[in-house]
Amino acid sequence: MFERIDYYAGDPILGLMEKYSADNNPNKVNLGIGIYYDESGVLPVLDCVKTAEARIADPIAPRPYLPMAGLPGHRKGCQELLFGKGAQILQDGLVATIATIGGSGALKVGAEFIHEWFPQSKCYVSDPTWGNHIAIFEGSDVEVGKYPYYDKANSSIKFDEMIAFFETLNKHDVILLHPCCHNPTGMDLTQAQWDTVLNVIKAHELIPFMDIAYQGFGEDMDGDAYAIRKAVEMGLPLFVSNSFSKNLSLYGERVGGLSVVCPTADEAERVFGQLNAMVRRIYSSPPSHGGHVVDIVMNDDALHEQWVGEVYAMRDRIKAMRLKLKSVLEAKIPNRNFDYITRQNGMFSFTGLTPEQVERLQSKYGIYMVSNSRMCVAGLNTSNIDYVANAMADVLKD
Ligand SMILES: Cc1[nH+]cc(COP(=O)(O)O)c(/C=N/[C@@H](CC(=O)O)C(=O)O)c1O
């Protein structure tokens, strides 16, 4: 009966985790999945989360279903993080926000919404992008195309080509954008470039869908939301999916949000209702535990301030690793330019290694990067960075 079902080839990112775990190499280094590891190579529990967990645990309360849209405090936390505390659009009730099962859940509900209410719209993703962007939208029967983004030869952004491409799109076509910390390239637009992109989106009545999964890891909480807030300032309709997996280090708790900025409060009410209906028919309601942690951390001023400091400490450690890796590689291969490593933002660096070189890093050194040459810089620390740099220098000589 199920013999015609295709075998699953596995996920290029999550599948690496399994291979890494099974590798007995004592020197193995995980630079694959986008997870922040601290200087000791450990996935941290943030102090602000420990405090929030203590409040939840004492006393342990019953665990009823959450509302389909999640806890109001979780939703409020998403809105204030993305749009700024006291933002006029929040006071005017123009934003429909639901808590979701991570950023992935936000993208899924958003894709379903586009499929149902904008059936003619295609979704365009950057070339390259996070692979699951394509899978999620295609899985919701939204046709996906790619827009020019990364120039591998020059480790730069194909900005003019990207703009020219946007100008060929149809009204209400969706453009999936990374407001900061582009995955997998780490190459971000400048504020002036964002202004140009948003003006083209406005002129052609396109729908911007901004997926922000690393807020705080680029510049800072507000700077990383520049594109989001500029779109709001320009009066654009806007979808925003956000994830707390990385900046709250709550990967397995599956906490995120989907926000839709609407022209009127009535439209926001309509959208909010349909998002609820969509949640009900996909997964009914979001996770309780993570939702309570988000609610507490985002709405307690002292904890929120502590959280921001903890995120910036993670950000700064990653930046330090970028500087160190660049200097070590420059010393080993003086005739090669490694400026890209410190020009890139957030967790990832697109190293430009060939698939064969990536494979040799893995087989010979037990160093795991995604096959497209993406390196999660957060997997580096002072104990393994020389080993990684030596190994990269070795395979780059091939
Ligand atoms: C851009 C982006 N958006 C959404 C997500 C999903 O986040 P979540 O809240 O966990 O559902 C991830 C996860 N990226 C890392 C992990 C993964 O592939 O699932 C990664 O790129 O390694 C992203 O990199």
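Residues numbered from 1 in each chain as written. Predicted model: local features only at pLDDT ≥ 70, side-chain atom pairs only at ≥ 80, totals over all residues. Heavy atoms only, no water.

- Under the annotation held in an unreviewed UniProt entry, the protein carries the name Aminotransferase and is attributed to Psychrobacter pocilloporae.
- Under the heading Cofactor (unreviewed entry), UniProt records this for the protein: "pyridoxal 5'-phosphate".
- We quote the UniProt Subunit (unreviewed entry) comment for the protein here in full: "Homodimer." (UniProt positions renumbered as here; feature names shortened; annotations may be inferred.)

**Points about the packing of aromatic side chains**
Okay, so step 1: Within this structure, the stated rule accounts for 11 aromatic pairs.
Okay, so step 2: A centroid spacing of 6.4 Å and a plane angle of 75° characterise the contact between Tyr147 and Tyr149, whose relative ring orientation is edge-to-face. In terms of burial, Tyr147 and Tyr149 fall into one category: buried.
Okay, so step 3: Centre to centre, the rings of Phe338 and Tyr340 are 6.4 Å apart; their planes meet at 50°, and the pair counts as tilted. The two residues Phe338 and Tyr340 agree in class, both being buried.
Okay, so step 4: An aromatic cluster is present here, built from Phe113, Phe137, Phe209 and Phe239 joined pairwise through their rings.
Okay, so step 5: Lys28 extends its terminal NZ or CZ atom over the ring of Tyr20, reaching a point 4.6 Å from the ring centre. (Phe/Tyr/Trp six-rings, centres within 6.5 Å; stacked < 30°, edge-to-face > 60°. Buried < 20%, exposed > 50% of the residue type's maximum accessible area, 1.4 Å probe, protein only. Lys NZ or Arg CZ within 6 Å of the ring centre and 35° of its normal.)

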